[in-house]
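# Close look at the chain arrangement
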Amino acid sequence: MMHFRHTLFGVGLLAVSASTHAAEGVLDIVAPWEIGSTDPAKAGYVYTRLQIGETLVEVDDRGHPKAGLAEGWTVSDDRLSWRFALRPEVYFHDGSALTAEAVAGALRLALTKPGMLNQAPIAEIAAEQEAVRIRLTSPFAPLPAVLAHSSAQILAPASYNEAGDATQVIGTGPYRIEQLQMPQKLIAVAFNDYWGGAPAIERMTYLAAGRGETRALLAESGDADVVFTLDPASQARLQRNPRLKVQAEPIPRTVTLKVNAGHPFLAEPEARRALSLALDRTGMAMALLRTPEAAAGQLFPPSLTDWHLKEVDGAKRDLTQARALLAGLGWQADGNGMLIRNGEPFALTMTTFSDRPELPLLATALQEQWRELGVSLTVNVTNSSEIPASHRDGSLQLGLMARNFALIPDPLGTLLLDFGPEGGDWGAMNWYSPRLGEILQQLLTQTDGEVVAGLRREAAGILHEQLPVIPVAWYQQTAAVSSKVEGFRIDTFERNYRVSEMRWAQ
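Residues numbered from 1 in each chain as written. Predicted model: local features only at pLDDT ≥ 70, side-chain atom pairs only at ≥ 80, totals over all residues. Heavy atoms only, no water.

### A word on helix H9 (residues 319–328)
Keep this limit in mind: Classification of residues uses two cut-offs on accessible area relative to the type maximum, computed with a 1.4 Å probe and protein chains only: under 20% is buried, over 50% is exposed, and between them is partly exposed. The helix count covers DSSP runs of H or I at least four residues long, the strand count covers runs of E at least two residues long, and both are numbered beginning at the N terminus. It is the directions from the helix axis to the C-beta atoms whose arc is reported. Contacts: residue pairs with any heavy atoms within 4.5 Å of one another. Any pair of nitrogen or oxygen atoms within 3.5 Å is treated as a polar contact; in protein, a donor-acceptor pairing is required on top of that, and neighbouring residues in sequence qualify only through side-chain atoms on both sides.
When H9 is considered as a whole, its buried residues turn out to be Leu319, Ala322 and Leu326. Around the axis of H9, the buried residues are gathered within 60° of arc, so they sit on the same side. Along H9, exposed side chains directed more than 90 degrees from the buried face belong to Thr320 and Gly328. At its buried positions, H9 is contacted by helix H7 (269–277), strand S16 (339–341) and helix H10 (358–373). Two to three positions downstream of the cap, the backbone nitrogen of Thr320 sits 3.3 Å from a side-chain oxygen, assigning the N-cap of H9 to Asp318. Immediately beyond the C-terminal end of H9, within one or two residues, lies Gly330, with a positive phi of roughly 95°.

### Thoughts on the nonpolar core
Applied cut-off: Throughout this description, the term nonpolar core refers to a set of buried Ala, Val, Leu, Ile, Met, Phe, Trp, Tyr and Cys residues connected via side-chain atoms within 4.5 Å.
Counting residues in hydrophobic clusters, the biggest one holds 95 residues, and the most contacted among them are Leu27, Ile29, Leu56, Leu107, Ile134 and Tyr206. Ranked by the residues each element gives to this core, the list is headed by helix H3 (residues 100–111), at seven residues. Excluding its chain neighbours within four sequence positions, the residues that come into contact with Tyr206 are Ile29, Ala31, Trp33, Ile35, Val46, Leu50, Gln184, Lys185, Leu186 and Tyr497. Counting 49 residues, the second largest nonpolar core, distinct from the first, contains Val259, Leu277, Leu377 and Ala402.

### Comments concerning the sheet that holds strand S18 (residues 347–353)
For clarity, the threshold we go by: Between any two strands, at least two bridges found by DSSP are needed for them to pair. Only C-alpha atoms enter the line fits that serve as axes; for helices the fit covers just the stretch in contact. Angles between N-to-C directions range over 0 to 180 degrees.
With mixed pairing, the 10 strands of this open sheet are ordered in space as S10-S11-S12-S3-S13-S21-S14-S20-S18-S19. Edge positions in the open sheet fall to strand S10 (175–181) and strand S19 (376–382), since each of these has one partner strand only. Within the sheet, the average angular offset between the axes of one strand and its neighbour, ignoring direction, is 25°. With two bridges connecting them, strand S3 (residues 26–31) and strand S13 (residues 226–228) associate as parallel partners. What sits directly across from Val30, in S13, is Val227.

In structure tokens, the structure reads:
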């Protein structure tokens with residue numbers, strides 16, 4: 001197992017001796033995310049990613065719900081009653097059996113806490129022989145996707161104290177916790193009674209290292225077998241290391257420009273289209289993100305196959321068309337090439353934040369690219385909370401941010417938050433499409449696959465044409481993997497590290 005010699009997280013220095021990982025059967029994983037709690041509502045994503053806790057519903061590679069702890073489900077004709085049949089002979093890590101009452105109890109507790117489950121209009125969660133029945137007050141088609149969220153993972157009754165807080169993580173996954181040292185370290189071992197069979201990797205450690213330089217050094221030195229989330233410079237360097245395999249996959253998170261469509265300069269779709277056309281997305285993706293595939297010509301990345309418009313290629317820059325669109329709105333260039341209309345300069349302020357280090361870099365690039373168009377942009381780098389606060393008080397003009405469309409595997413949940421009649425803190429501002437609203441409501445109840453696919457494409461088309469938010473770049477999940485490890489795959493929905501699918505190279 002990992003032996004810590006000295007750790008100075010404050011300055012990002014960490015030394016670990018781990019020269020015989022494979023011989024010891026220990027897989028060492030390093031990622032940025034600290035283990036902040038034992039409660040699924042606060043840090044459940046760590047435990048589902050490490051396959052310690054499991055959910056009733058799992059997700060396939062396209063984001064579609066599939067059997068998890070529930071081997072199947074049915075829904076009543078009125079779409080108000082869902083019955084989830086439990087997988088037989090499943091045991092928690094403390095040896096107790098997975099029962100309908102245990103599942104119902106865990107879900108009822110999850111419903112009382114912050115998380116995705118309380119988005120669903122749930123009236124009752126009840127145990128019913130070898131199944132759990134969930135009764136709704138109104139139809140809600142994404143319920144299986146919501147149940148796949150990490151905050152809805154099923155823990156044993158012994159995990160909870162009298163107040164309903166999870167003080168232990170006793171799950172059903174292929175790995176059980178042997179040692180937990182919050183917020184940095186976790187050690188887990190294979191659970192021999194796992195319903196899906198014993199995994200090949202018998203033991204693993206997880207280390208939270210917030211600094212990208214630390215993670216890259218651990219990969220480079222061989223002191224970690226799998227390292228997630230590489231900065232562009234480290235990724236390029238590690239790709240040249242013969243002992244490592246570097247993987248990158250697009251994930252359903254997009255850098256977007258939140259637009260105040262009530263601003264007189266931004267109210268017309270043509271103005272938003274012009275600003276979009278003036279972006280050199282490919283240049284920014286190559287120079288700043290070092291990933292050409294990250295150039296986002298539309299809101300939904302290819303990983304969201306049901307929402308991605310294959311026929312659209314909107315990543316190309318076209319300053320000529322952008323200028324023509326603005327000229328049609330009355331904007332004319334002055335002697336310095338800057339745009340003026342009715343005596344007012346085309347000047348805007350964009351708010352962003354440094355929590356994600358790429359955002360200020362992208363903001364600076366946007367500033368220069370729009371100056372070529374004749375638009376003066378002031379960049380305000382502040383706290384991420386400023387964007388929703390400025391949305392609420394009406395002062396926001398533009399906000400550069402990152403939006404995750406897989407908070408639950410079905411983006412519908414996020415779209416309902418972002419593009420409703422009142423807009424959303426991280427979505428539309430002073431913009432609403434009645435037709436898009438109709439589509440989102442129809443998707444809550446529609447079950448016909450072809451109809452659902454058509455509605456999703458129509459929704460994506462409206463957002464692409466109207467641009468209430470302007471896409472800039474798609475995120476890539478990156479990982480450096482030791483050549484001693486086989487079977488590694490990135491989960492584009494960031495739910496599962498798939499340790500049980502890995503094995504030691506022969």
